[in-house]
Amino acid sequence: WRLVPVALMLFLLSGCLGEENLTALDPKGPAAQWIYDNMLLSIAVMTFVSIVVFVIFFLVIFKFRRKDGDEELPKQVHGNTAMEITWTVIPIILLIILFIPTVTGTFDFHVNADPSEHEDAVYIKVTGHQYWWQFDYEEGFTAGQEVYIPAGEDVVFELNAEDVIHSFWVPALGGKIDNIPGVTNALTLNADEPGVYKGKCAELCGPSHALMDFKVIALERDEYDAWVEDMLAVEQEATAANAEAGYEAFQENACISCHAIGGQGMATGPALTNFGDRQTLAGVYDIDDDELLKEWIRDPQSLKQGNNMPAHPDISDEDLDAIVEYLRSLQVRGADQEY
Ligand code: CUA
């Protein structure tokens, strides 16, 4: 029964490991690998200290316990220079072992985060909003919620925020750095392999902080180049040919006044240029559920409390259906692509 709390804790923690890639314990890039190696090093040091302390502790209480016939106080001693030097020097050595890789690594990453160190690298501006992510590419287009990068290359993320402090964290790729309004931070990540890496906002930023998820999608370089070209080529009208009624409803209901598509429209809300490729709705919900998408348009507060999208309680079912169809047609990579 003493193991019950341990079992309960493992059970609760097992939920944390279930999420795809949302773990720092399975590093997929050099920055994450460095963090993981340092975690192992400090666990090794802590384990060594714990073992030594507990062995001495149990040895002492066993060996020097009060035995039958022990009636007098044992000889009282205080002060032992040799022992005091020993238990001062050993912790200093252990701290040095932890200190050197931590500090050198921190400086390396600081230098590595400097954009001027990466003249040719892909450079993406990341802006945190309550509660979504904006990704501006140097080529001049914007993506929302899902950021595409080339695999195996350093990518510099320039971090900013629009409203309050957020924090950009992709546990499988590296550490977290805050997005602070009025301050520009930088973070360099490198994904070893193509794949989808889940990210989270790591700074409490309001009622829907826990729902402020995003994804990093790493593609092979040639696929990434093709994606950039396709993103640049998207125009509202061109894609609207598939779903003209939805395109019109999108304009009439003023969606376009917040959501940019193909470089047109305002960008106060997430760009929807490649909405049809998205893997989640609002960062966390099932993207394939039409009813959920309609519910989102009708009453966004019901799904993400405190977000800034206005409700559309009076929108007609006809318009909703058309808008959903239009949004689904906004594909750049195609919804059934392997990632
Ligand atoms: Cu944004 Cu928490």
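It should be noted that the structure appears before, not after, this text.
All figures in this text were calculated on a predicted structure; none of them were measured in a lab.

Q: Account for the overall build of the protein chain, with residues named and values stated.
A: For the protein chain, the helix and strand inventory stands at eight helices and 12 strands. Radius of gyration (C-alpha) of the protein chain: 27 Å, far over the 20 Å computed for a compact globule of 339 residues. The principal-axis extents of the C-alpha atoms in the protein chain amount to approximately 95 × 50 × 35 Å. Of the accessible surface of the protein chain, which amounts to about 19200 Å², a share of 60% is contributed by carbon and sulfur atoms. Counting 19 positive and 55 negative side-chain charges, the protein chain places the centres of these two groups 18 Å from one another.

Q: Give me the nonpolar core: which residues, what numbers.
A: Membership of the largest hydrophobic core comes to 64 residues, with the highest contact counts inside it found for Ile124, Tyr137, Phe157, Phe168 and Trp227. Residues from two domains meet in this core; each of domain 1 (20-59 + 81-220) and domain 2 (236-329) gives at least three. Not counting residues up to four positions away in its chain, the partners in contact with Phe157 are Ile124, Val126, Val147, Ile149, Phe168, Asn185, Ala186, Leu187 and Leu189.

Q: Please set out the sheet that holds strand 1 (residues 122-129) residue by residue, giving values where relevant.
A: Ordered by their spatial adjacency, five strands build an open sheet running 3-2-1-5-8, and the pairing between neighbours is mixed. If you trace the sheet from one side to the other, it starts and ends with strand 3 (142-144) and strand 8 (185-189), each paired once. Between one strand axis and the next, the sheet turns by 25° as a mean value, whatever way the strands run. Where strand 5 (residues 155-161) and strand 8 come together, five bridges link them in antiparallel fashion. Paired with Phe157 across the strands is Leu187, a residue of strand 8.

Q: Run through the sheet that holds strand 10 (residues 213-219), naming residues and quoting values.
A: For sheets, the rule is that strands pair by backbone hydrogen bonds, running either parallel or antiparallel. With mixed pairing, five strands are arranged side by side in an open sheet as 4-10-9-6-7. Of all strands in the sheet, those with a lone pairing partner are strand 4 (146-150) and strand 7 (177-179), marking the two edges. Strand-to-strand, the axes of this sheet are offset by a mean angle of 30°, without reference to chain direction. With six bridges joining them, strand 9 (residues 195-201) and strand 10 adopt antiparallel strand pairing. In the strand pairing of strand 10, Val196 is matched with Ile217. Packing against the sheet, helix 4 (residues 221-233) makes contact with strand 4 and strand 10, and its axis sits at approximately 130° to strand 4.

Q: Got a sec to walk through the side chain of Gln130? Specific residues and values, please.
A: Mapped onto the secondary structure, Gln130 falls in the loop between strand 1 and strand 2 (132-137). A distance of 2.9 Å separates the side chain of Gln130 from the backbone oxygen of Cys205, its partner in a polar contact. Not counting chain neighbours up to four residues away, the residues in contact with Gln130 comprise Asp163, Val164, His166, Cys205, Asn307 and Asn308.

Reading guide: rules and limits
- Residues numbered from 1 in each chain as written.
- Predicted model: local features only at pLDDT ≥ 70, side-chain atom pairs only at ≥ 80, totals over all residues.
- Heavy atoms only, no water.
- Helix = DSSP H or I, 4+ residues; strand = E, 2+ residues; numbered from the N terminus.
- Rg over C-alpha atoms; globule rule 2.2 N^0.38 Å.
- Areas by Shrake-Rupley, 256 points an atom, 1.4 Å probe, with all protein chains shown as cover.
- Lys, Arg positive; Asp, Glu negative; His and termini not counted.
- Charge placed at Lys NZ, Arg CZ, Asp CG, Glu CD.
- Core = buried A, V, L, I, M, F, W, Y, C linked by side-chain atoms within 4.5 Å.
- Buried < 20%, exposed > 50% of the residue type's maximum accessible area, 1.4 Å probe, protein only.
- Domains from an automatic or database assignment.
- Contact = heavy atoms within 4.5 Å.
- Pairing = 2+ DSSP bridges.
- Axes fitted to C-alpha atoms, helices over the stretch in contact; angles between N-to-C directions.
- Polar contact = N/O pair within 3.5 Å; in protein donor to acceptor, adjacent residues only side chain to side chain.

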